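Chain and residue survey
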Amino acid sequence: MSLTVAVQMDPLETINIAGDSSFALMLSAQERGHRVFHYAPEDLNYRDGSVWTQARPVTVRRVAGDHFTAGDPVRLDLGAQADVVLMRQDPPFDLGYITATHLLERIAHRTLVVNDPASVRNAPEKVFVLDYPQFMPPTLVTRSLDETRAFLAEHGAIVIKPLHGNGGKAIFKVDADGANLSALIEVFNMTWREPHMVQAFLPDVAKGDKRIVLIDGAVAGAINRLPGEGEIRSNLAVGGSAEKSELTAREREICDVLGPELRRRGLIFVGIDVIGGEWLTEINVTSPTGIVAIGKFDGTDLSGMIWDAIERRVAERG
């Protein structure tokens, strides 16, 4: 099966091929004989029921500093000429991101979009997870200083983070004395119009934050991400390190509950974050990462597994 694959993502020039999941997916697609095109989300167009873009055919290779060759841009009708669209641009999950999901939703009945654009729009990382409060640490979503103070008084140390943030950015710990809490909420309220996420601080974060990858609802692999020196954040993008990890019984329970719903929503590639072996904090569906790091520890070809799932879905469409 040879597919035409359009990858909607950030500039290829800026990626770090050593750990970039989108690059790994493109490399795997190419190895399977699929034709790969790249375009930026701002290049999407709509007219009279068609969605198209100026896309460049690309060839990728694992050579740092010389990792791709791009041809001249061509007009690519995503509903008529592409078999698969990979929606892989990084957040923020802003109106530009949301608009791209609306446009791609118009062709999703003809072309497989991964992940499903309507589901991506309806399941942002820190909102979708609210459907599973039984697995979450104590959580408050608010813009209110008074509500945050009351939550702090109840739980001691807390963590405050943007509701639509990504990559570990702008995550703050506030200790029980509440020093600078009012100033922090003031800055958050000035920066973001939406509410913010406030959670009880979990001391077990010092032992790591586990990234578990699910492919079409099934567990494919996991790594434990450890915070860097003087950090509470374990994201690899902000200096965390990774180690091999197995799932706890509680983590398997979480995955068993989430799996059927992820499949139903067309969320083929998902990364969930679990702290302390039991606390679910995020369900990453917009541009999940982690497949390269997991593969380095256990040799699993997660890119290939994702393409197996994609090819099955395309075949089922006929």
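These notes cover the structure that comes with them. The model shown is predicted, which means the values in this text are computed figures rather than measured ones.

The next point concerns the nonpolar core. Counting 43 residues, the largest nonpolar core has Leu-78, Leu-104, Ile-272, Leu-280 and Ile-283 as the members making the most contacts within it. The set of elements that each furnish at least two residues to this core consists of strand E2 (35-39), strand E4 (50-60), strand E7 (84-87), helix H2 (95-105), strand E13 (209-215), helix H7 (249-264), strand E16 (269-275) and strand E17 (279-284). Once residues lying within four places of it in the same chain are set aside, the contact partners of Leu-280 are Val-129, Tyr-132, Phe-135, Met-136, Pro-137, Ile-254, Leu-258, Ile-272, Asp-273 and Val-274. Residues Ala-24, Val-213, Ile-268 and Trp-307 belong to the second largest nonpolar core, which totals 37 residues.

The next point concerns the environment of Pro-11. Mapping Pro-11 onto the fold places it in the loop between strand E1 (4-8) and helix H1 (21-31). Classification of Pro-11 as partly exposed rests on a relative accessible area of 41%. Sequence spacing of Pro-11 and His-38 is 27 residues, and the spatial spacing of their C-alpha atoms is 8.7 Å.

Residue position: Thr-14 is located in the loop between E1 and H1. Exposure remark for Thr-14: the relative accessible area of 58% places this residue in the exposed category. For Thr-14 and Leu-86, which are 72 residues apart along the polypeptide, the C-alpha to C-alpha distance reads 18 Å. A polar contact is formed between the side chain of Thr-14 and the backbone oxygen of Pro-11, at a distance of 2.8 Å.

With that settled, the discussion passes to the packing of H1 against helix H9 (residues 302-317). Closest axis-to-axis distance for the H1/H9 pair is 9 Å, and the angle between their directions is 65°. Relative to H9, the element H1 is oriented roughly perpendicular. You can see that H1 and H9 cross each other, and the crossing is right-handed. Within the contact between the two elements, H1 uses Ala-24, Leu-25, Ser-28 and Ala-29 and H9 uses Ser-303, Gly-304, Ile-306 and Trp-307. Looking at side-chain class alone, the contact of H1 with H9 contains five nonpolar, three polar and no charged residues.

Locating Asp-131 in the fold gives a position in the loop between helix H4 (125-128) and strand E9 (139-142). Take Asp-131: its relative accessible area is 46%, and that puts it in the partly exposed class. The sequence separation of Asp-131 and Leu-258 amounts to 127 residues, and the corresponding C-alpha distance is 10.0 Å.

In this section: the pattern of salt bridges. Summed over all chains, the structure comprises 19 salt bridges. Among the salt bridges present, the one from Asp-131 reaches Arg-265, with a minimum N-O distance of 3.7 Å. Here the residue Asp-131 occupies a position in the loop between H4 and E9, and Arg-265 occupies one in the loop between H7 and E16, the gap between them amounting to 134 residues. Asp-216 is the partner of Arg-313 in a salt bridge, and the nearest nitrogen-oxygen pair spans 2.6 Å. Placement of Arg-313 in helix H9 and of Asp-216 in the loop between E13 and strand E14 (218-226) is noted, with a sequence separation of 97 residues between them. Neither residue differs from the other here; Arg-313 and Asp-216 are each classed as buried. Three or more residues joined by partner-sharing salt bridges are found here, namely Asp-131, Glu-261, Arg-264 and Arg-265.

All right, on to the pairing of E13 then. Within E13, seven of the seven residues are buried, leaving the element largely enclosed by the surrounding structure. A two-sided burial pattern is seen for E13, the buried positions comprising Asp-209, Arg-211, Val-213 and Ile-215 on one face and Lys-210, Ile-212 and Leu-214 on the other. Here E13 runs beside E14; their pairing, made up of seven bridges, is antiparallel. Bridge pairing in E14 places Lys-210 opposite Asn-224. What sits between the antiparallel neighbours E13 and E14 is a turn of two residues, in which Asp-216 has the positive phi angle 50°. As paired elements, E13 and E16 share seven bridges and run antiparallel to each other. What sits directly across from Arg-211, in E16, is Asp-273.

Every buried residue of helix H5 (residues 145-155) is listed here: Thr-148, Phe-151 and Leu-152. The buried side chains of H5 occupy one side of the element, clustering within an arc of 100° when seen end-on. Those residues of H5 that are exposed and aimed more than 90 degrees away from the buried face are Asp-146, Ala-153 and Glu-154. Residues of H5 that are buried sit in contact with E9, strand E10 (158-162), strand E11 (172-174), helix H6 (181-191) and strand E12 (196-200). Capping the start of H5, Ser-144 holds a side-chain oxygen 3.3 Å from the backbone nitrogen of Asp-146, two or three residues further along. Where H5 terminates, the next one or two residues include Gly-156, which has phi positive at roughly 80°.

Scoring rules and cut-offs
- Residues numbered from 1 in each chain as written.
- Predicted model: local features only at pLDDT ≥ 70, side-chain atom pairs only at ≥ 80, totals over all residues.
- Heavy atoms only, no water.
- Core = buried A, V, L, I, M, F, W, Y, C linked by side-chain atoms within 4.5 Å.
- Buried < 20%, exposed > 50% of the residue type's maximum accessible area, 1.4 Å probe, protein only.
- Helix = DSSP H or I, 4+ residues; strand = E, 2+ residues; numbered from the N terminus.
- Contact = heavy atoms within 4.5 Å.
- Polar contact = N/O pair within 3.5 Å; in protein donor to acceptor, adjacent residues only side chain to side chain.
- Axes fitted to C-alpha atoms, helices over the stretch in contact; angles between N-to-C directions.
- Parallel < 35°, antiparallel > 145°, perpendicular 65-115°, else oblique.
- Left-handed = near helix turned anticlockwise from the far one by under 90°.
- Nonpolar A, V, L, I, M, F, W, Y, C, P; charged D, E, K, R; others polar.
- Salt bridge = Lys/Arg side-chain N within 4 Å of Asp/Glu carboxyl O.
- Pairing = 2+ DSSP bridges.
- Arc of directions from axis to C-beta.

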